[in-house]
Amino acid sequence: MPKSPPAFRAVTFLATFAVPLASLIALGCGASSEELYDRGQASFKQGKLEPAVADLESFALKTCGGAGGHQHCRQAYLTLGHAYEKREAPGKAWAAYDAALTFGPHSGDESIASDRDRMRDMLTAAQQKETGRAPVIIRYRDEVTEEYTARSVVISLDFAPIVTKDKDAGELHGPDFRRLYSGSVSAGEHVLIVEMAHDCNPNGGAKCARSRVHKAWPFSSVARTPATLEIRAFAESGEGDSPSRPALELVSR
């Protein structure tokens, strides 16, 4: 009997964590954003890491995507970073601290950046000890609408740039994914970081504002098990009269 094709798993920043996305959605049903945030913070203070992570990730999925964000987004990601640090998951902790830095107020950025740097060092040390290897392919597709034109794309794997597109970033725009990287990584945790910039197309004929997007995802690899990471750039609809904005998502298989 033929094997079924591998299931695709939609991955946002939070969906890459240990709690399955379906479980996060189920846990979040019926609870307001404020309830999820308050419950998650209370669970963390009581040392209950699993429910804390589930509630805070559900909160962030509901309220911290796109432009702006809830006033509690920074603290939610900061607490998630602490929770994963306690569980010795430096890749997930690094990505959570990195996300916290994208939200204001920014008075405590130096302390959070220090936490993030510590997780980077811990992750690097763990990777150096790992003997198992796993093949990884990274593909990219830019389907941002025509009012924008791609200016640059930089993709980093474990903090080292593996793809840099500047003047030729527009080549990535199209309906199909393009393979940008193929190599092997150590088994265990990793971090994928994408930074992209779009300018307004002068002939776009629609509302537009220059855009810069920074996004990080933690992921785990299994020794001798191939993985493909597909990054999609797309235009996310704005609220009300606000223009659409470039955004990123990751799909892994």
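Quick caveat, the model's predicted, so the values are computed rather than measured. (Residues numbered from 1 in each chain as written. Predicted model: local features only at pLDDT ≥ 70, side-chain atom pairs only at ≥ 80, totals over all residues. Heavy atoms only, no water.)

> Explain the state of the cysteines to me, using residue names and the numbers behind them.
This structure, assessed with the given rule, holds 2 disulfides. Disulfide pairing is shown between Cys64 and Cys73; the S-S distance is 2.0 Å. What sets the handedness of the Cys64 and Cys73 disulfide is the S-S torsion sign, and at about -100 degrees it is left-handed. Neither Cys64 nor Cys73 differs from the other in exposure class; each is buried. In this model, Cys200 is linked to Cys208 through a disulfide, with the two sulfur atoms separated by 2.2 Å. Between Cys200 and Cys208 the disulfide shows an S-S torsion of about -100 degrees. By sign, it is left-handed. Look at Cys208 and you get partly exposed, because its relative accessible area is 25%. Each bonded cysteine in the chain gets a number by its place in the sequence, and the pairs come out as 1-2, 3-4. (Disulfide = S-S within 2.5 Å. Buried < 20%, exposed > 50% of the residue type's maximum accessible area, 1.4 Å probe, protein only.)

> Give me helix α6 (residues 109–129): which residues, what numbers.
The end-to-end C-alpha distance of α6, which contains 21 residues, comes to 31 Å, matching closely the 30 Å that a straight helix rising 1.5 Å per residue would cover. Buried residues along α6 sit in contact with α4 (73–86), α5 (90–100), β5 (178–186) and β6 (188–200). (Helix = DSSP H or I, 4+ residues; strand = E, 2+ residues; numbered from the N terminus. Expected span 1.5 Å × (residues − 1). Contact = heavy atoms within 4.5 Å.)

> Break down the pairing of strand β9 (residues 245–252) for me, citing the residues and quoting the values.
Within β9, 6 of the 8 residues are buried, which leaves the element mostly enclosed by the surrounding structure. Relative to β9, strand β8 (residues 227–236) is paired through 8 bridges, and the arrangement is antiparallel. Looking across to β9, one finds that Leu229 is bridged to Ser252. (Pairing = 2+ DSSP bridges.)

> Which residues make up the packing of α4 against α5, and what values go with them?
Relative to each other, α4 and α5 sit at 165 degrees, their axes nearing to 8 Å. With respect to their mutual orientation, α4 and α5 come out roughly antiparallel. Handedness of the crossing formed by α4 with α5: left-handed. Each of Arg74, Tyr77, Leu78, Leu80, Gly81, His82, Tyr84 and Glu85 in α4 lies in contact with α5, whose residues at this interface are Lys92, Ala93, Ala96, Tyr97, Ala99 and Ala100. Looking at the contact of α4 with α5 residue by residue, the class counts come to 9 nonpolar, 2 polar and 3 charged. (Axes fitted to C-alpha atoms, helices over the stretch in contact; angles between N-to-C directions. Parallel < 35°, antiparallel > 145°, perpendicular 65-115°, else oblique. Left-handed = near helix turned anticlockwise from the far one by under 90°. Nonpolar A, V, L, I, M, F, W, Y, C, P; charged D, E, K, R; others polar.)

> Describe in detail the packing of aromatic side chains, supporting the description with residues and values.
Enumeration according to the criterion identifies 3 aromatic pairs in this entry. Measuring from centroid to centroid gives 5.9 Å for Tyr77 and Phe103, while their planes differ by 20 degrees, and the two rings are stacked. You can see Tyr77 sitting in helix α4 and its partner Phe103 sitting in the loop between α5 and α6, a full 26 residues away along the chain. Like Phe103, Tyr77 is buried. Residues Trp94 and Phe159 carry aromatic rings whose centres are separated by 5.0 Å and whose planes lie at 55 degrees to one another, so their mutual orientation is tilted. One end of the pair, Trp94, is in helix α5; the other, Phe159, is in the loop between β3 (148–157) and β4 (160–165), and 65 residues separate them in sequence. We classify Phe159 as partly exposed; its relative accessible area is 24%. (Phe/Tyr/Trp six-rings, centres within 6.5 Å; stacked < 30°, edge-to-face > 60°.)

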